[in-house]
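Close look at the chain arrangement
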Amino acid sequence: MKYLFSLLVAAALLASCGHSHEKSETIKEAEQVHETLLSLSGDVADMMHSKVEDLQGKIETAVAAGDTLMAEQLQALNGKLDGLHAKFHEWEENMVEIPGHEHTHAPGEECDHDHDHAQNAIMEGLSDAEHLEIQQEQLKQLEELKKEIEAINM
């Protein structure tokens, strides 16, 4: 019995060692794009928060100076930023993970998004090329959103 158990363990080890879990170049590229998404989304969030803070300061200054026309114009910009902020959060909520990809976080940064296990099950059935295409589309959307935010001049 002991011999049989040892034989089963050895067979299991050999079987697990025999499988190559090497990722394709396509999925590696998709993972790189995903890492770029994570980094860029942090930059976009920082830029948006900075613009909101600057705008709030300018609105307060205009109101204090009695410049209601300027305050109204700045409030209109604030409305545009609010819309872009909502669009950014919608993009974040719809960001698609790559199953099995261990993404990195900055030191001290926590994972602030939920992992949707139903979505992961669907994603596991996609080809590597489809994963790459999804990541590239998400990057395109985020870059377009960044340009919209940058275009708001105060």
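Quick notes on the rules
- Residues numbered from 1 in each chain as written.
- Predicted model: local features only at pLDDT ≥ 70, side-chain atom pairs only at ≥ 80, totals over all residues.
- Heavy atoms only, no water.
- Helix = DSSP H or I, 4+ residues; strand = E, 2+ residues; numbered from the N terminus.
- Buried < 20%, exposed > 50% of the residue type's maximum accessible area, 1.4 Å probe, protein only.
- Contact = heavy atoms within 4.5 Å.
- Areas by Shrake-Rupley, 256 points an atom, 1.4 Å probe, with all protein chains shown as cover.
- Axes fitted to C-alpha atoms, helices over the stretch in contact; angles between N-to-C directions.
- Parallel < 35°, antiparallel > 145°, perpendicular 65-115°, else oblique.
- Left-handed = near helix turned anticlockwise from the far one by under 90°.
- Nonpolar A, V, L, I, M, F, W, Y, C, P; charged D, E, K, R; others polar.
- Expected span 1.5 Å × (residues − 1).
- Phe/Tyr/Trp six-rings, centres within 6.5 Å; stacked < 30°, edge-to-face > 60°.
- Salt bridge = Lys/Arg side-chain N within 4 Å of Asp/Glu carboxyl O.

Some points on the overall build of the chain
Scanning the chain from terminus to terminus reveals five helices and zero strands. Relative to its full complement of 154 residues, the chain shows a buried share of 28%. In the chain, once contacts between residues fewer than 6 apart in sequence are set aside, the share between residues at least 24 apart is 78%. Within the structure as shown, the chain displays about 10500 Å² of accessible surface, and the carbon and sulfur contribution to it stands at 55%.

Some remarks on the side chain of H131
Tracing the sequence through the fold places H131 in helix α5 (residues 128-150). Setting aside residues up to four positions removed in sequence, H131 forms contacts with I27, A30, I98, P99, M123 and L126.

Concerning the environment of K28
Structurally, K28 can be placed in helix α2 (residues 25-64). The class of K28 is partly exposed, set by a relative accessible area of 28%. Separated by 104 residues in sequence, K28 and L132 place their C-alpha atoms 8.8 Å apart.

Some details on the packing of α2 against α5
Contact pair α2 / α5: the axes reach a minimum separation of 9 Å and the direction vectors enclose 20°. Considering the angle they form, α2 stands roughly parallel to α5. Regarding α2 and α5, the two cross each other, and that crossing is left-handed. Of the residues assigned to the contact of α2 with α5, the class counts are 13 nonpolar, eight polar and six charged.

Structural notes on α5
The end-to-end C-alpha separation of α5 is 33 Å, in line with the 33 Å expected for 23 residues at 1.5 Å each. Along α5, the residues that are buried comprise H131, L132, Q135, Q138, L139, L142, L145 and I149.

Digging into the packing of aromatic side chains
Enumeration over the complete set of coordinates arrives at one aromatic pair. When the centroid spacing of 6.2 Å and the interplanar angle of 15° are considered together, the rings of F88 and W91 count as stacked. In this pair, F88 and W91 are both assigned in helix α3 (residues 68-93), three residues apart and thus about one turn of the helix distant.

Remarks on the pattern of salt bridges
What the rule picks out here adds up to five salt bridges. Between K28 and E25 there is a salt bridge whose closest N-O contact spans 3.5 Å. Here K28 pairs with E25, and both are found in helix α2, just three residues apart, close to one helical turn. When its relative accessible area of 60% is taken as the criterion, E25 is described as exposed. A network of salt bridges, in which partner residues are shared, links E22, E25 and K28.

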